Amino acid sequence: MSLTSQVPLGEGVPPNTRNAVSVSLPTWDDNIGYEKADPRVLNRMKNGYPRFFIARSIQALATYFERRLALPSESAMLFPSLLAAEKCVMFIHDQAQKQSHGSSRISYTVPGPGQVRIVQHVVEPADKNAASQDAMSRVPEAHVTIYCVLFPEDLFALAKQYWQHTGNGISSRLAEYCMRIEHANNECEQDATLHQRSNPGGYRRGATSGKGVKELEQGELAGLELEVSAYVEERFGRNFDPRYATEMKMALRRRIAGALTEDEERHGAQVQRGVAGLSAEDVFLVATGMSAVYYAHQSLLTMRQGKSICFGFPYTDTLKILEKFGPGAYFLGHGEGSDYEELERILERHAQTPEDPILAIFTECPSNPLLKTADMPRLHELATRFNVVLVVDETIGSFVNIDVLSQADIVVSSLTKVFSGDSNVMGGSIVLNPNSKSYAPIRLAVESAVEDLIWCEDAVFLERNSRNFVQRVYEINRNALAVAELLQASPKVANVWYPKFTTPNNYDKIRRSADGTGYGGLLSVTFVAGERGSRAFYDTLLCCKGPSLGTNFTLASPYTLLAHFTELEWAAQYGVDANLVRISVGLEPRKELLAMFQTSLEAVPNN
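Attention here is on the structure that accompanies the text.

1. Observations regarding the packing of aromatic side chains
Here comes step 1: Per the counting criterion, the structure on display carries 26 aromatic pairs.
Here comes step 2: On the numbers, 5.2 Å between centres and 80° between planes, the contact of Tyr294 with Phe325 is edge-to-face. Remark: Phe325 occurs in the loop between helix 13 (316-324) and strand 8 (329-332) and Tyr294 occurs in helix 12 (residues 289-301); sequence separation between them is 31 residues. An identical accessibility class is assigned to Tyr294 and Phe325; each is buried.
Here comes step 3: Put simply, the rings of Phe79, Phe91, Tyr162, Trp163, Tyr294, Tyr295 and Phe325 touch in pairs and so form one group of aromatic residues.
Here comes step 4: We note Arg511 situated over the ring of Tyr519; from NZ or CZ to the ring centre the distance is 4.8 Å.

Laid out in structure tokens, this is it:
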């Protein structure tokens, strides 16, 4: 794999990938423009990170349903399950009231009864025989049920928050599938209408779409390239038929549990998790990494109501989930030093009041973007002593490199990242520790609350992409270490956050001993010259630049600007610098990587 030159602003990353997970923001000003909703940037956005930017295919499908089902002043948000839609309705009602009376700068009109509603819509081919001859026949079910949450359009921002935080909206591949069916149904309706006109006594099939094809072509489905022929990723990828999605999901669960086939083991695709009794039955698949955090939290709330503790500075939506979807959370954002003593004080205080328990401790290992690793044995001891659940997000470290499951009750991960690597599909996982003293009630709660909302085609891509993820992680480890050491040695660099340099003793406590393990592919950097240095470095990088991480290709982002643009001062209190550049190192030849980063370092002013 060679370095990818800069992708034009607004194009998908990786380029020429219909369901790309990232989007190109190639300059520092492009990122600021995106956050400020600058038309120069937004008008060129063809893609975006799926939880933040609703894919064009999903937007088109939502518009299509709005025109059929909504009142003139209503907007729609689309979900693949009734429960996800119901939770969205509850969130809108709850947050419209809370955010209107809280510190939010926006005031929402609290919706009245029936103003936020769910409409169930079944999408199925009108002509079953025709459908069986094309790509629609390659999914397990001919029909799909979409749950449309309809609400006053001025509440769209709240519905979007739910979409972003939970990650439970429909996927772009599911939207494309629905649109292919609706498009075919409109053609079927047109054919039937022409047949009726030429044969007035003939039988006219009932159409499900309610629209004529001419109106459809002039409307939201026009120009969206709904061709049956697939992209290069599908033509040449080693994909199974989507009808085998159930088998693919079992393969994914076994892969995550470290219980793979003998053939996979021979080819180095197996990681022994080091937890006795662990099986695929302890692995739950969900739609996104944030879905994993959301469902872990929601599952625990069915066991008992209580605040959680967020230990360390996490990815932005993790804290939002803990704060908005329950009784709230304590935030110990430094995740080191005196935060351990404060954690123990909080646990002791709540232990004295059984009616006000602590629900769980949530932490990332390492954290994003500061790459801090918590003292896992210490957290485990505190969680055990005070009878609270320990939930660890291992996305950054990857279970190839670190063992946190033996210390935690629940481990969550974003499969979108290095597990997939190709940046063309979303997914998440929840893994339960079968040796946890709370395993039985946790398992019951998770089984009751969690929904596997991964669309069949997405499951196929996720399975294909992850077949070689162990070897990819090993190579990324080596590349990232070389890049981190290059940056660390530069006098122009103020700080490099990387697990080898940041709380290394804590990381080494959980690092696996197998050959090839390392510190992962993520690092963050700031410069002595401050914003001037970060701008010069970022703008001259000749690699992909945009949100996300864990990609097979190197991907850079001014993380703090994108994640905390409206709260930069707050983030700075916890050491998250506004000028931080986060780098996810990929699989490119090491010499090319080092040469590229050296060139960008040379462009950075000294002070």
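Once the structure has been displayed, the description carries forward.
2. Let's talk about the side chain of Glu74
Here comes step 1: When you line up the elements, Glu74 lands in strand 3 (residues 74-79).
Here comes step 2: From its side chain, Glu74 meets the backbone nitrogen of Leu71 in a polar contact 2.8 Å long.
Here comes step 3: Polar side-chain contacts of Glu74 include one of 2.7 Å to the side chain of Arg117.
Here comes step 4: When near neighbours in sequence (up to four residues on either side) are disregarded, Glu74 contacts Glu66, Gln115, Arg117, Leu150, Phe151 and Glu153.

3. Notes on empty space enclosed by the protein
Here comes step 1: Using the criterion set out here, one finds five cavities of 30 Å³ or more in the structure.
Here comes step 2: Considering only enclosed or pocket space, the largest cavity measures out at about 130 Å³ in volume.
Here comes step 3: Every residue lining the largest cavity is counted, 17 residues in all, and those nearest its centre are Ile396, Val418, Gly520, Gly521 and Gly550.
Here comes step 4: In terms of residue count, helix 18 (residues 469-488) provides more of the lining of the largest cavity than any other element does, three residues in total.
Here comes step 5: Computed from the structure, the second largest cavity encloses a volume of approximately 110 Å³.
Here comes step 6: If you go around the second largest cavity, you meet 15 residues; those closest to its centre are Phe311, Gly312, Phe313, Ser367 and Lys372.
Here comes step 7: Split into classes, the residues belonging to the lining of the second largest cavity amount to six nonpolar, seven polar and two charged.

4. Some details on the pattern of salt bridges
Here comes step 1: Taken as a whole, this structure holds 28 salt bridges when the rule is applied.
Here comes step 2: Put simply, Asp29 and Arg535 hold a salt bridge, and the shortest N to O gap is 2.8 Å. Placement of Asp29 in helix 1 (residues 28-35) and of Arg535 in helix 20 (residues 531-540) is noted, with a sequence separation of 506 residues between them.
Here comes step 3: Relative accessible area serves as the criterion here: at 24%, Arg535 is assigned to the partly exposed category.

5. Some details on unusual backbone geometry
Here comes step 1: Cis peptide bonds are those with omega within 30 degrees of zero, and the linkage from Val13 to Pro14 qualifies with 5°.
Here comes step 2: Secondary-structure assignment places Pro14 in the loop between strand 1 (12-13) and strand 2 (22-23).
Here comes step 3: For the bond running from Asn368 to Pro369, omega is 20°, close enough to zero to count as cis.
Here comes step 4: Note on placement: Pro369 falls in the loop between strand 9 (358-364) and helix 15 (376-385).
Here comes step 5: Phi angles above zero are rare outside glycine, and Thr503 is one such case at about 45°.

6. Description of the packing of helix 12 against helix 16 (residues 439-449)
Here comes step 1: As a packed pair, helix 12 and helix 16 sit with axes 8 Å apart at the nearest point and diverge in direction by 115°. Relative to helix 16, helix 12 is oriented so that their crossing is right-handed. The residues of helix 16 that touch helix 12, namely those facing Tyr295, Ser299 and Leu300, are Ile442, Ala445, Val446 and Ala449.
Here comes step 2: When the residues that make up the contact of helix 12 with helix 16 are grouped by side-chain class, the tally is six nonpolar, one polar and no charged.

7. A look at the sheet that holds strand 3
Here comes step 1: Sheet architecture is open: three strands sit in the order 3-5-4, paired in antiparallel fashion. For this open sheet the edge positions go to strand 3 and strand 4 (117-123), each flanked by a neighbour on one side alone. On average, each strand axis in the sheet is tilted by 30° relative to the strand beside it, whichever way the strands run.
Here comes step 2: As judged from the six bridges shared by strand 3 and strand 5 (residues 144-152), these two strands associate in the antiparallel manner. Looking at strand 5, one finds that Ala76 is bridged to Leu150.
Here comes step 3: The strands touched by helix 3 (residues 56-69) within the sheet are strand 3, strand 4 and strand 5, with strand 3 carrying the most contacts at an inclination of about 125°.
Here comes step 4: Packing of helix 6 (residues 156-166) onto the sheet brings it into contact with strand 3 and strand 5, and relative to strand 3 it is tilted by some 10°.

8. Details of the sheet that holds strand 17 (residues 581-584)
Here comes step 1: Strand order in the open sheet formed by five strands is 13-14-17-16-15, and the pairing between neighbours is mixed. A strand with exactly one partner marks an edge of an open sheet, and here the two such strands are strand 13 (493-497) and strand 15 (544-545).
Here comes step 2: Two elements, strand 15 and strand 16 (residues 555-557), share two bridges in a ladder whose sense is parallel. Pairing of Lys545 across the sheet is with Ala556, part of strand 16.
Here comes step 3: Contacting strand 13, strand 14 (522-527) and strand 17, helix 18 crosses the sheet at an angle of about 15° to strand 14.

The rules we used
- Residues numbered from 1 in each chain as written.
- Predicted model: local features only at pLDDT ≥ 70, side-chain atom pairs only at ≥ 80, totals over all residues.
- Heavy atoms only, no water.
- Phe/Tyr/Trp six-rings, centres within 6.5 Å; stacked < 30°, edge-to-face > 60°.
- Helix = DSSP H or I, 4+ residues; strand = E, 2+ residues; numbered from the N terminus.
- Buried < 20%, exposed > 50% of the residue type's maximum accessible area, 1.4 Å probe, protein only.
- Lys NZ or Arg CZ within 6 Å of the ring centre and 35° of its normal.
- Polar contact = N/O pair within 3.5 Å; in protein donor to acceptor, adjacent residues only side chain to side chain.
- Contact = heavy atoms within 4.5 Å.
- 1 Å grid on protein atoms, 1.4 Å probe; cavity = no way out; pocket = protein on both sides within 12 Å on 5 of 7 lines; lining within 4 Å.
- Points joined across faces, edges and corners; volume = space filled by probe spheres on them.
- Nonpolar A, V, L, I, M, F, W, Y, C, P; charged D, E, K, R; others polar.
- Salt bridge = Lys/Arg side-chain N within 4 Å of Asp/Glu carboxyl O.
- Axes fitted to C-alpha atoms, helices over the stretch in contact; angles between N-to-C directions.
- Left-handed = near helix turned anticlockwise from the far one by under 90°.
- Pairing = 2+ DSSP bridges.

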